[in-house]
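# Examining the three-dimensional arrangement
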Amino acid sequence: MSDRKTDTFTLLSAVTVSATGTSGVQDVSRFTEALLLIAASSKTGSPTVDIVVKASDASDGTFHAHTTVAQITANANVDAVKLTNIGEQLRLDYTYGGSGSIVITAKLICKN
């Protein structure tokens with residue numbers, strides 16, 4: 001058994017994306033790094049989804065771009081994205097393009 005302490009959070013839980021949106025905010029202040037896992041399924045039409053991980057120090061609620069994820073265009077597991085220097089809060093902003101929809105699930109595995 002590992003002594004490493006991790007917690008898993010769901011940022012997007014099987015969300016059908018057919019418009020631009022934002023995930024909920026996750027408090028990650030007790031962690032130093034994270035692994036973002038994204039899966040896409042149930043694609044209809046020709047959608048594209050661009051995801052940007054945004055971070056905040058929580059003092060004024062302003063979020064800043066941290067990491068841009070490769071564009072999602074197909075049903076697949078997107079490569080795991082390693083995040084370091086993650087700040088106090090994280091959220092995902094996603095931009096929809098094309099036509100149809102796609103279901104996105106995003107989980108964050110944080111460690112300290």
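Residues numbered from 1 in each chain as written. Predicted model: local features only at pLDDT ≥ 70, side-chain atom pairs only at ≥ 80, totals over all residues. Heavy atoms only, no water.

### Quick look at the overall build of the chain
When helices and strands are counted, the chain shows zero helices and seven strands. The C-alpha radius of gyration of the chain comes to 14 Å, within 12% of the 13 Å expected for a compact globule of 112 residues. The C-alpha extent of the chain, read off along each of the three principal axes, is 45 × 40 × 20 Å. Counting only contacts in the chain whose residues sit at least 6 apart along the sequence, the fraction spanning at least 24 positions is 82%. Here the chain displays about 6,000 Å² of accessible surface, and carbon together with sulfur accounts for 46% of that area. Where the 9 positive side-chain charges of the chain centre and where its 10 negative ones centre are 6 Å apart. (Helix = DSSP H or I, 4+ residues; strand = E, 2+ residues; numbered from the N terminus. Rg over C-alpha atoms; globule rule 2.2 N^0.38 Å. Contact = heavy atoms within 4.5 Å. Areas by Shrake-Rupley, 256 points an atom, 1.4 Å probe, with all protein chains shown as cover. Lys, Arg positive; Asp, Glu negative; His and termini not counted. Charge placed at Lys NZ, Arg CZ, Asp CG, Glu CD.)

### Quick word on the nonpolar core
Membership of the largest hydrophobic core comes to 29 residues, with the highest contact counts inside it found for Leu36, Ile38, Ile51, Ile72, Leu83, Ile104 and Leu108. Every element with two or more residues in this core is listed here: strand E1 (6–17), strand E4 (33–56), strand E5 (64–72), strand E6 (76–84) and strand E7 (89–111). Take this core: its biggest share by element is nine residues, from E7. Among all residues touching Leu36, those that are not within four sequence positions of it are Leu11, Val53, Val69, Asp79, Ala80, Val81, Leu83, Leu92, Ala106, Lys107 and Leu108. (Core = buried A, V, L, I, M, F, W, Y, C linked by side-chain atoms within 4.5 Å. Buried < 20%, exposed > 50% of the residue type's maximum accessible area, 1.4 Å probe, protein only.)

### Here's the deal with the confidence of the model for the chain
Averaged over every residue, the pLDDT of the chain is 93; the share at 70 or more is 97%. Mean pLDDT across the elements of the chain bottoms out in E6 (89) and peaks in strand E2 (residues 21–22) (97). (pLDDT = per-residue confidence, 0-100.)

### Quick notes on the environment of Ser46
Among the secondary structure elements, Ser46 is positioned in strand E4. Taking the C-alpha atoms as reference, Ser46 lies 8.5 Å from Ala74; in sequence the two are 28 residues apart. Setting aside residues no more than four positions away along its own chain, Ser46 makes contact with Gly97, Gly98 and Ser99.

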